[in-house]
Amino acid sequence: MKRVGVFVCDCGSNIAGTVDTGLVAEEAAKMPGVAFSTTYKYMCSDPGQELIRKAIAEQGLSQVVVASCSPRMHENTFRKAIAGAGLNPYLFEMVNIREQDSWVHSDREQATRKACDLIRMAVFKVLKNKPLQAGTIPVTRRALVIGGGIAGMQSALDIADAGYDVVLVEREATIGGKMVQLDKTFPTLDCSA
Amino acid sequence: MPVDANWRPKIVAFACNWCSYAGADLAGLNRLQYPADVRLIRVPCSGRIDPQFVLRAFHQGADAVLVSG
Amino acid sequence: MVAVAQHPHIKVYTLAEVDAVNGYIGNFSVTIRRRAKYVDWNKCTGCGTCETKCPNKKIPNEFDLGLGTRTAIHKVFAQSVPNKPVIDAQHCRMLQSGKCGVCTKVCPTQAIDFEDRDELVTEAVGAIVMATGFDQFDWASKYGEYGYGRFPDVISGLQFERLVNASGPTGGKIKRPSDHEIPNRVAFIKCVGSRDDTKGKSYCSRACCMYTAKHAMQVVDKIPGGEAYVFYMDVRTAGKGYEEFYERGVSKGVKYIRGRVSKIYPRGNRLVLKSEDTLLGRPIEVEVDLVVLATAMIPAAGSSEIAKRVGFSTDKDGFFQEAHPKLQPVETFTGGVFLAGACQGPKDIPDTVAQAGAAAVKVCGLFSKSELATQPMVSEVNAARCSGCGLCLPICPYQAIGMQTVRERGHGGTIERRIAAVNEVLCQGCGACVGACRPGALNLKGFTDEQLVAEVDALCL
């Protein structure tokens, strides 16, 4: 039996200012497979994540939908939170009701309806999600720095000082870049070499 | 044919995660306003979009489909 | 600089460019082209005899932005790192016409090698830091009112740096390029190419307000009786100690005039600047000996090509695109590729150093793990459905699909057949193969047909 939990974020007033999140959570509760839904002021915060973990344990949730900001922002945050509750992090979908809803629409009713639709889409999708496992790839602990000016030299030195090998490639016959052409540099007026 | 003033179209938009979806996010960051009738479906690439999805959307009653990537 | 060259963990390739980058985060293979130097740096001691004897002495020196000259065999500048010369093939008489070879005769270590050719080397790395820097906006082609570069005494800020630099062509004496006289009155024009949508770039180049303040102060300090006029749109001094620095210049007598210079024309051996003083609300004319333009920073030549080669995107102005303007300022959308310095956008030295450190930390963070978790949303093959047509192979932009042989029972025995196989490390999860698969054998985990159709259905309810 699949039990989906829907968590609707207010994002302070960023979302709740335009979208009636309470109504959205009520509507979400009626969607197929949804066993639990709630709102919270900041779902990405510590207490917000704790709320999700607690609900997974207490409500026996099998899938999670978080409606908040763009997944490009916090998808990994919530995946980790869910994994912390022992659920596979890919039994999760995120709904973007901030960047693509509350921030771009001003009509409260329409924005709220859109949020409900977007959540329904995610609920339907998450019911088809399967647990996924990440594989691993090796890491070559050696860096390439392209450009031997102040930026490249500083990066190369910092990485090399940490004990890793660095390959520095410079187009000109000397490193130093534009900086070595300069006389004194502000605000200290010390030499630039 | 009279058009119902309250009629809202159902617009399905398939948006590539790396460009169009990011662009929609950017529109949000800049608070650019647009009609609320479009529903984005995030795909990892416009190459992921199967023509069947478009047909399915029309078959299920979508008024318009946007493929962007 | 010397610290870099001498560091036991840093290998420096100068006169080199990245030809190709293959692979992915943690596992890049980089092909580096080492251009021909015509000098064997293992033998060369850097004594400099060749430079003094080279007969071709009148080549404009790029390092001094044409304000000085150099020879065909030359060090970029006296303190080059490595401190060895190279031959500029275009200007070398031996390489162009086969007649000369003076450097071969005078070199005490026989280090000259006219047979030297470009060489390709391959390096395996796990992360890449882009630090390709900036170039100066080509004001001379755009700003007719400043003379299209016809007046030798209208120079750029970087040229002024060479004039005022103790190791520059004038030994640190500020002299006019036209007659090598010391200028008495110097004008500075800010925002040349910056904040100018019509002729230049829309953005602010960030460093110019401060280096102009420095230049103006140097005029007042170094030239007895020297006067400095700064024509500006705004004075932007955001940065620790910056406002105080600018105030110091003003208190030393640098005159700031708020207005755009509309024309520069010669009068005798001086230059006249026509402008408006918008604070006085009236047109003004100033006669000066030297004009210094604070030109915009633009992405270094070849930026877009190297971005394509490494595999990440550039912004509307050609600077490298960071993954997020606030939260991921040194990351790119390509895993394992980081940004440092002005290649990401105009910035001054303190900001560059800070960003370079940030990029280094990101690299070290990556290297703190011996292995990375892969993204599991990759394509998978349903072996039972795959017909082995191979249509997906050319579709895959990452060359992540190959063919494999499977043995199956059937037709009363064991049969072998070829089916598609996805390399889960190379697969970036774009799903282009799924739509191309006629028997429906391929599916993208996390974005399966079933999941996406469920979304469409939910939306159309």
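Residues numbered from 1 in each chain as written. Chains lettered and ligands numbered in written order. Predicted model: local features only at pLDDT ≥ 70, side-chain atom pairs only at ≥ 80, totals over all residues. Heavy atoms only, no water.

Okay, the overall build of chain B next. Assigned secondary structure in chain B consists of two helices and three strands. Its helices and strands taken in sequence order, chain B reads β-α-β-α-β from the N to the C terminus. A separation threshold of at least 6 residues defines the contact pool for chain B, and within that pool the share at least 24 residues apart is 78%. Taken as a whole, chain B presents about 3800 Å² of accessible surface, with 61% of it coming from carbon and sulfur. (Helix = DSSP H or I, 4+ residues; strand = E, 2+ residues; numbered from the N terminus. Contact = heavy atoms within 4.5 Å. Areas by Shrake-Rupley, 256 points an atom, 1.4 Å probe, with all protein chains shown as cover.)

From N to C terminus, chain C includes 12 helices and 25 strands. Since a compact globule built from 461 residues should have a radius of gyration of about 23 Å, the 29 Å found for chain C marks it as more spread out than a globular shape. When its C-alpha atoms are laid out on the principal axes, chain C stretches across 105 × 70 × 40 Å. For chain C, the residues scored as buried account for 51% of the 461 residues in total. Of all intrachain contacts in chain C linking residues separated by at least 6 positions in sequence, the fraction that spans at least 24 positions is 60%. Accessible surface for chain C amounts to roughly 20800 Å². Of this, 51% is attributable to carbon and sulfur atoms. Taken as two groups, the 56 positive and 49 negative side-chain charges of chain C have centres that lie 5 Å from each other. (Rg over C-alpha atoms; globule rule 2.2 N^0.38 Å. Buried < 20%, exposed > 50% of the residue type's maximum accessible area, 1.4 Å probe, protein only. Lys, Arg positive; Asp, Glu negative; His and termini not counted. Charge placed at Lys NZ, Arg CZ, Asp CG, Glu CD.)

Here the focus is the packing of aromatic side chains. All names here are of chain C. Tallying each qualifying case throughout the model produces 12 aromatic pairs over all chains. Summarising the aromatic geometry, the rings of F160 and F188 are spaced 5.7 Å apart at their centres and angled 80° between planes, so their arrangement reads as edge-to-face. Placement of the pair is F160 in helix α5 (residues 157-164) and F188 in strand β12 (residues 185-192), with a sequence separation of 28 residues. Between the aromatic rings of Y246 and Y256, the centroid separation amounts to 4.9 Å while the plane-to-plane angle is 90°, which identifies the pairing as edge-to-face. (Phe/Tyr/Trp six-rings, centres within 6.5 Å; stacked < 30°, edge-to-face > 60°.)

Residue and element names in this part refer to chain C. Domain assignment breaks chain C into domain 1 (2-123), domain 2 (134-298), domain 3 (300-367) and domain 4 (379-460). The centre of domain 2, based on its C-alpha atoms, is set 30 Å off from the matching centre of domain 3. In total, domain 2 and domain 3 occlude about 910 Å² of area from one another, counting both sides; carbon and sulfur atoms represent 54% of this. Run the count over domain 2 and domain 3 and you get one salt bridge. Residue D351 pairs with R206 through a salt bridge whose shortest N-O separation is 2.3 Å. Counting residues per element, the ones that place at least two in the side of domain 2 that touches domain 3 are β10 (134-136) and β19 (297-299). Looking at side-chain class alone, the side of domain 2 that touches domain 3 contains seven nonpolar, two polar and three charged residues. (Domains from an automatic or database assignment. Buried area = accessible area lost by both parts, 1.4 Å probe. Salt bridge = Lys/Arg side-chain N within 4 Å of Asp/Glu carboxyl O. Nonpolar A, V, L, I, M, F, W, Y, C, P; charged D, E, K, R; others polar.)

This brings us to the sheet that holds strand β3 (residues 27-34) of chain C. Residue and element names in this part refer to chain C. Here three strands make up an open sheet; going across it, the order is β2-β3-β8 and the pairing antiparallel. Edge strands, defined here as strands with exactly one partner in the open sheet, are β2 (16-24) and β8 (119-125). Ignoring strand direction, the axes of neighbouring strands in this sheet form an average angle of 20°. Pairing between β3 and β8: seven bridges, direction antiparallel. (Pairing = 2+ DSSP bridges. Axes fitted to C-alpha atoms, helices over the stretch in contact; angles between N-to-C directions.)

Counting residues at the interface gives 18 residues for chain A and 22 residues for chain B. For the pair chain A and chain B, the two sides together bury roughly 1700 Å², of which 47% comes from carbon and sulfur. Ranking the residues of chain A by area buried against chain B places A:R72, A:Q100 and A:W103 at the top, with a combined share of 35%. Salt-bridge contacts for B:D25 lead to A:R72; the nearest nitrogen and oxygen are separated by 4.0 Å. Inspection of the chain A/chain B interface yields 15 residue pairs in polar contact (both at pLDDT 80 or more). Taken together, the elements giving at least two residues each to the side of chain A that touches chain B come down to α3 (71-84), α4 (98-102) and α5 (108-126) of chain A. If one sorts the elements of the side of chain A that touches chain B by residue count, α5(A) sits on top with six residues. A per-class count over the side of chain A that touches chain B returns five nonpolar, seven polar and six charged. (Polar contact = N/O pair within 3.5 Å; in protein donor to acceptor, adjacent residues only side chain to side chain.)

Next up on the list: helix α1 (residues 20-29) of chain B. By the criterion of burial, α1(B) is predominantly enclosed, with seven of the 10 residues buried. B:S20, B:Y21, B:A22, B:A24, B:D25, B:A27 and B:G28 are the residues of α1(B) that are buried. The inward-facing, buried residues of α1(B) abut α3, β4 (92-96) and α4 of chain A together with β1 (11-16), β2 (38-43) and β3 (64-68) of chain B. Directly after α1(B), the chain includes B:R31, whose backbone phi takes a positive value near 55°.

As a general feature of sheets, a regular strand has side chains that alternate between the two faces. Residues and elements named next belong to chain C. Bridge count between strand β16 (residues 270-277) and strand β17 (residues 282-288): seven bridges; the pairing is antiparallel. What sits directly across from E276, in β17, is P283. The antiparallel pairing of β16 with β17 creates a hairpin that spans four residues between the two strands, and G281 there sits at a positive phi of about 75°.

Rolled over the atoms, a probe as big as a water molecule pinpoints where empty space is left. Summed over all chains, the structure comprises five cavities of 30 Å³ or more. By volume, the largest cavity amounts to about 280 Å³. If you trace the largest cavity, you find 23 residues lining it, with A:M94, B:Y21, B:L40, B:R42 and C:E455 closest to the centre. When contributions to the lining of the largest cavity are tallied by element, the ones reaching two or more residues are α3, β4 and α5 of chain A together with β2 of chain B. (1 Å grid on protein atoms, 1.4 Å probe; cavity = no way out; pocket = protein on both sides within 12 Å on 5 of 7 lines; lining within 4 Å. Points joined across faces, edges and corners; volume = space filled by probe spheres on them.)

Take the sheet that holds strand β15 (residues 261-267) of chain C next. Residue and element names in this part refer to chain C. The antiparallel open sheet is built from three strands, whose spatial order is β15-β16-β17. Strands with a single pairing partner mark the edges of an open sheet, and in this sheet they are β15 and β17. The mean angle between the axes of side-by-side strands here comes to 20°, regardless of whether they run parallel or antiparallel.

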